[in-house]
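# Inside the fold
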Amino acid sequence: MFHMQHLVGRRLPDVDLEASSGSPVNPAKILGPSVLFCYPYTGRPGHADPPHWDHIPGAHGSTPQILAYSKNYGDFRRLGVKLFGVSLLDTEWQRDFVKRNALTFRLLSDSERGFSGRLGLPLFETGGVDYLQRLTVVAYDGIIRVLRYPVPEPEQDAIVVLDICQALVTSG
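Description of the structure in this document.

Parameters and conventions
Every chain begins its residue count from 1, and numbering advances along the sequence as written. Selection of residues for local features in this predicted model requires a pLDDT of at least 70, selection of side-chain atom pairs for listing and counting requires 80 or more, and totals for whole chains, interfaces and linings are taken over all residues. Side-chain numbers come from the whole structure's heavy atoms, not from hydrogens or water. Numbering of helices and strands runs from the N terminus, with a helix taken as a DSSP run of H or I at least four residues long and a strand as a DSSP run of E at least two residues long. The globule rule is 2.2 Å times the number of residues to the power 0.38, and the radius of gyration it is compared with is taken over C-alpha atoms. Each residue gets one of three labels from its accessible area relative to the maximum for its type: buried under 20%, exposed over 50%, partly exposed in between, using a 1.4 Å probe on protein chains only. The contact criterion used throughout is that any non-hydrogen atoms of two residues lie within 4.5 Å. The positive count covers Lys and Arg only, the negative count covers Asp and Glu only, and His and the chain ends enter neither. Throughout, a charge is located at the NZ atom of Lys, the CZ atom of Arg, the CG atom of Asp or the CD atom of Glu. Centres within 6.5 Å are what make two rings of Phe, Tyr or Trp a pair, Trp counting through its six-membered ring; a difference in plane orientation under 30 degrees is then read as stacked, over 60 as edge-to-face, and the rest as tilted. Orientation is described by lines fitted to C-alpha atoms, with helices fitted over the stretch in contact, and by angles between N-to-C directions that extend from 0 to 180 degrees. Reported orientations rely on four angle classes, namely roughly parallel under 35 degrees, roughly antiparallel over 145, roughly perpendicular from 65 to 115, and oblique for the rest.

### Here's the deal with the overall build of the protein chain
The helix and strand inventory of the protein chain stands at five helices and nine strands. Mapped from its N terminus to its C terminus, the protein chain presents α and β elements in the order β-β-β-α-α-β-α-β-α-β-β-β-β-α. Relative to a compact globule of 172 residues, whose C-alpha radius of gyration would be 16 Å, the protein chain shows 15 Å and is just as compact. Once the C-alpha set of the protein chain is aligned to its principal axes, its extents read approximately 45 × 35 × 30 Å. For the protein chain, the residues scored as buried account for 51% of the 172 residues in total. Within the protein chain, residue pairs in contact and separated by at least 24 positions form 68% of the contacts whose partners lie at least 6 positions apart. Positive and negative side-chain charges of the protein chain, numbering 17 and 18 respectively, have mean locations separated by a distance of 7 Å.

What follows is the structure, encoded as structure tokens:
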């Protein structure tokens, strides 16, 4: 198993990621608490899933994960947590997902791999395309405080991370 706990205490990469809102976000410069949940792929009407998607452990679950974060977004905001989803998908694909699902938080495109590459985040490949493995970063002032990997139940990630954020904000 590939463990990622060595990243706790490290600063997030100083790189601008294009957001689904059209403005860049630099994870290293986010003040206060933030959550960046990494997901591999979201389906899109009229587009087939990547090859062998149904047979890749952990590949499915991005839409339920994102929608759970959306459902709990108000609770994250009340804690002052800035919330972002991150994938290697291009911004146009992400904008379509945001619009179809009426998300109120931004998705960030790491299609250039400036974020994932600098952190050495785990990937998997299918059909000649790389995808981020699912993991969640909780940071404070751009420093990684907690890293969840693996995320075995994507639809529960938001609730688990909300509890982590509550403890982080309470303890300072």
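So, next bit.
### Observations regarding the packing of aromatic side chains
According to the stated counting rule, one finds 11 aromatic pairs in the structure shown. The interplanar angle of 40 degrees and the centroid separation of 5.8 Å between the aromatic rings of Y41 and W93 together place this pair among those described as tilted. Residue Y41 is found in the loop between β3 (33-38) and α1 (62-71), and its partner W93 is found in helix α3 (residues 91-101); the two are separated by 52 residues along the sequence. The class for W93 is buried, based on a relative accessible area of 13%. When the ring of Y73 is compared with that of F105, the centres are 5.8 Å apart and the planes differ by 35 degrees; the resulting orientation is tilted. Linking Y73 in helix α2 (residues 73-78) with F105 in the loop between α3 and β5 (106-109), this pair joins segments that are 32 residues apart in sequence. For Y73, a relative accessible area of 17% corresponds to the buried category.

### Side note on unusual backbone geometry
Residue Y149 is joined to P150 through a cis peptide bond whose omega torsion reads 0 degrees. Assignment of secondary structure puts P150 in the loop between β9 (143-148) and α5 (157-171). The backbone phi angle of H52 is positive, close to 65 degrees, even though this residue is not glycine. You can call H52 exposed: its relative accessible area is 56%. A positive phi angle, close to 50 degrees, is found at D141, a residue other than glycine. Tracing the chain through its elements places D141 in the loop between β8 (135-140) and β9.

### Some remarks on the packing of α1 against α5
Running from N to C, α1 and α5 point in directions that differ by 45 degrees, and their axes come no closer than 8 Å. One element, α1, and the other, α5, form an angle in the oblique class. Counting all contacts with α1, which are made through Q65, A68 and Y69, the residues of α5 involved are D157, A158 and V161.

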